[in-house]
Amino acid sequence: MEVNHYASQCVIAICHFCEHHGPNVIFHTRLGTESESPTNKLSSSPSTSVSCGACNPFGNEHPGFTSKEPTSGKCTVSSNRYTSEIVKSQLQQACFRSLSSEVSPSKEGPIFFSDSGIEIHVISHTFFLKDSSARGFQRWFSVIALTSESTVLLKLWNTLVPEMKDIIEELQKMAAEVYKREEEQCSHRMLRSNFHIANVGAARSMQDISGNPAILLKLHIQFSRLVLLANCSQHLVKPKVTESATSTRESSIAALVRICQEIGPHFKTFAKHILKGGCTSISSDELFFKESCFNALQYLVPVQTTKSFIISQHTLQTTSQPCLLISNRGRKITCILNSCEESNKASCIVTRLENILLAEDVTPSFIHKQITNIREQLLFAAKKMQELKSVDQHKVLQFFQSFGYDTGDLDILHHWSLYC
């Protein structure tokens, strides 16, 4: 299988945070060919060179698993080895971000993110498993779906996420039963409390945590189903965009999508202007339209009040400052960028919003969830920006770039930091 074809597939992986080695991909599942074995065309070394049962539960000699779906004849391969260094870098970067910066506000749950630098788009579902030997008695994992096509992945959200959740809940149930048995035999919680032990023993493998020696094979079968769903059944996954007139949230999201569609090729300039707190004017005689636009733009500002940016709800006459004018005439939204600064610096935040708001056939509820996640992460990063205000700006940029942000994000984060 050629490397460039591999990059365009949807690949499923399970990752974890090792207390000794940091974020690591345990193994990944992809489409293969009928003649392919897990060791054929793969790099000679496993995903990790360390002899750690948690990071490398296959061991250095295990070739992985291969399955063939009888109806379609498609083959899937699960392994902790990679077809190329590019694929290895993409999966490891997705793993790192899924267990660090790209986390749901509730810590556990699904989230979508992109990395334009290495052209990946990811659905990540983070979760914890009970483990009596871990610090805090639980270990951090994520199941990720990765592809180079954001639109395809967004359309698959309503298919992949429920399947991921079922897999995760089953793992959590198994781990909880093992934890309960071990605590009944010898309470590790009491031992640590009495002897002030911060951590006990080495990181344990997925087999030990789940109490199932065949858990990797079971996950291979489950991940193979997800890979086949994602790569072979995309034409079946076409959710319709629905708008409820009685739902304020959905009408606001629908208004935001319409505004972004009208902006079209100027989306980056529009998004940067709003995110930096730029002046905006809504021109309309329809009160409902004004309120919908106002509520829609609130998703792109740090504080949910009019104080965070200016909206003049009247016809714009003249202005000496850059201003976005939004009006509706003849049932068509018109957006005029009046002297707004063109965006010429790469912005991870703007790119993520563009992928979500301009995607086809996605539901308002999905868009709302993703934008809410982005806002939570932006506020968290803005607080870090506030803490680093006295640090050299070059070091600040390097710090945020390590979490997937880019040069064009710093002024956005600076503006949002004013409201933390």
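Note that the structure is a prediction, hence the values are computed from the model and not measured.

Chemist: Where do I start with the overall build of the protein chain in this structure?
Modeler: Helix and strand counts for the protein chain stand at 14 helices and 11 strands. When the 420 residues of the protein chain are sorted by exposure, 53% land in the buried category. Intrachain contacts of the protein chain at a sequence separation of at least 6 include 71% that bridge at least 24 residues. Accessible area of the protein chain: about 19500 Å², with a carbon and sulfur share of 51%.

Chemist: How should empty space enclosed by the protein be read in this particular structure?
Modeler: Empty pockets left among the atoms are what a rolling probe the size of a water molecule brings to light. Per the counting criterion, the structure on display carries four cavities of 30 Å³ or more. If you add up the space inside the largest cavity, you get close to 50 Å³. Secondary-structure elements contributing two or more residues to the lining of the largest cavity are α11 (348–357) and α12 (364–387). Roughly 40 Å³ of volume is contained in the second largest cavity.

Chemist: Help me understand the sheet that holds strand β7 (residues 138–147) in this model?
Modeler: Backbone hydrogen bonds hold the strands of a sheet together, and the pairing may be parallel or antiparallel. Strand order in the open sheet formed by seven strands is β3-β4-β2-β1-β7-β6-β5, and the pairing between neighbours is antiparallel. If you trace the sheet from one side to the other, it starts and ends with β3 (65–68) and β5 (109–115), each paired once. Sheet twist, expressed as the average angle between the axes of neighbouring strands with direction ignored, equals 20°. Contacts between helix α2 (residues 85–98) and the sheet are confined to β1 (11–18), β2 (22–32), β5, β6 (120–130) and β7, with β7 contributing the most and set at about 135° to the helix. Here helix α4 (residues 157–185) sits on the sheet in contact with β1, β5, β6 and β7, set at roughly 20° to β6.

Chemist: I would appreciate a short explanation of the pairing of strand β10 (residues 323–329) in the present structure.
Modeler: Of all seven residues making up β10, six are buried, and the element is well covered by its neighbours. Two elements, strand β8 (residues 279–283) and β10, share five bridges in a ladder whose sense is parallel. Pairing of Ser283 across the sheet is with Ser327, part of β10. Of the pairings in the sheet, the one linking β10 to strand β11 (residues 332–338) comprises seven bridges and is antiparallel in character. Residue pairing in the sheet places Leu324 in a bridge with Leu337 of β11.

Chemist: Would you mind going over the nonpolar core with me for this structure?
Modeler: Ranked by size, the top nonpolar core spans 87 residues in total, and within it Ile14, Leu171, Met206 and Phe270 carry the most contacts. In this structure, Phe270 is in contact with Ile259, Cys260, Ile263, Leu297, Leu300, Leu324 and Leu337, ignoring residues within four places of it in sequence.

Chemist: Any chance you could explain the layout of surface pockets here in plain terms?
Modeler: Taken as a whole, the second largest pocket encloses approximately 410 Å³ of empty space. Residue lining of the second largest pocket: 17 residues in total, with Ser100, Ser101, Gln377, Phe380 and Ala381 positioned closest to the centre. Broken down by secondary-structure element, the contributors of at least two residues to the lining of the second largest pocket are α12 and α13 (393–401). The greatest single-element share of the lining of the second largest pocket, amounting to seven residues, is contributed by α12. Looking at side-chain class alone, the lining of the second largest pocket contains nine nonpolar, four polar and four charged residues.

Chemist: Mind showing me how you'd approach the pattern of salt bridges here?
Modeler: Where charged atoms from two side chains of opposite charge come close, those side chains can pair. For the coordinates displayed, the defined rule picks out 10 salt bridges. We note a salt bridge from Arg139 to Asp131, for which the minimum N-O separation is 2.4 Å. For the pair Arg139 and Asp131, a shared accessibility class is recorded, and that class is buried. A salt bridge links Glu387 to Lys384; the shortest N-O distance between them is 4.0 Å.

Chemist: Help me understand the pairing of β7 in this model?
Modeler: Counting buried positions along β7 gives nine out of 10 residues, so the element sits mostly inside the fold. Relative to β7, β1 is paired through six bridges, and the arrangement is antiparallel. The residue of β7 that forms the bridge with Ile12 is Ala145. Sheet topology note: the β6/β7 ladder contains 10 bridges and is antiparallel. By the bridge assignment for β7, Ile123 is matched with Ala145.

The rules we used
- Residues numbered from 1 in each chain as written.
- Predicted model: local features only at pLDDT ≥ 70, side-chain atom pairs only at ≥ 80, totals over all residues.
- Heavy atoms only, no water.
- Helix = DSSP H or I, 4+ residues; strand = E, 2+ residues; numbered from the N terminus.
- Buried < 20%, exposed > 50% of the residue type's maximum accessible area, 1.4 Å probe, protein only.
- Contact = heavy atoms within 4.5 Å.
- Areas by Shrake-Rupley, 256 points an atom, 1.4 Å probe, with all protein chains shown as cover.
- 1 Å grid on protein atoms, 1.4 Å probe; cavity = no way out; pocket = protein on both sides within 12 Å on 5 of 7 lines; lining within 4 Å.
- Points joined across faces, edges and corners; volume = space filled by probe spheres on them.
- Pairing = 2+ DSSP bridges.
- Axes fitted to C-alpha atoms, helices over the stretch in contact; angles between N-to-C directions.
- Core = buried A, V, L, I, M, F, W, Y, C linked by side-chain atoms within 4.5 Å.
- Nonpolar A, V, L, I, M, F, W, Y, C, P; charged D, E, K, R; others polar.
- Salt bridge = Lys/Arg side-chain N within 4 Å of Asp/Glu carboxyl O.

Read these as layout, nothing more, since geometry by itself doesn't imply function.
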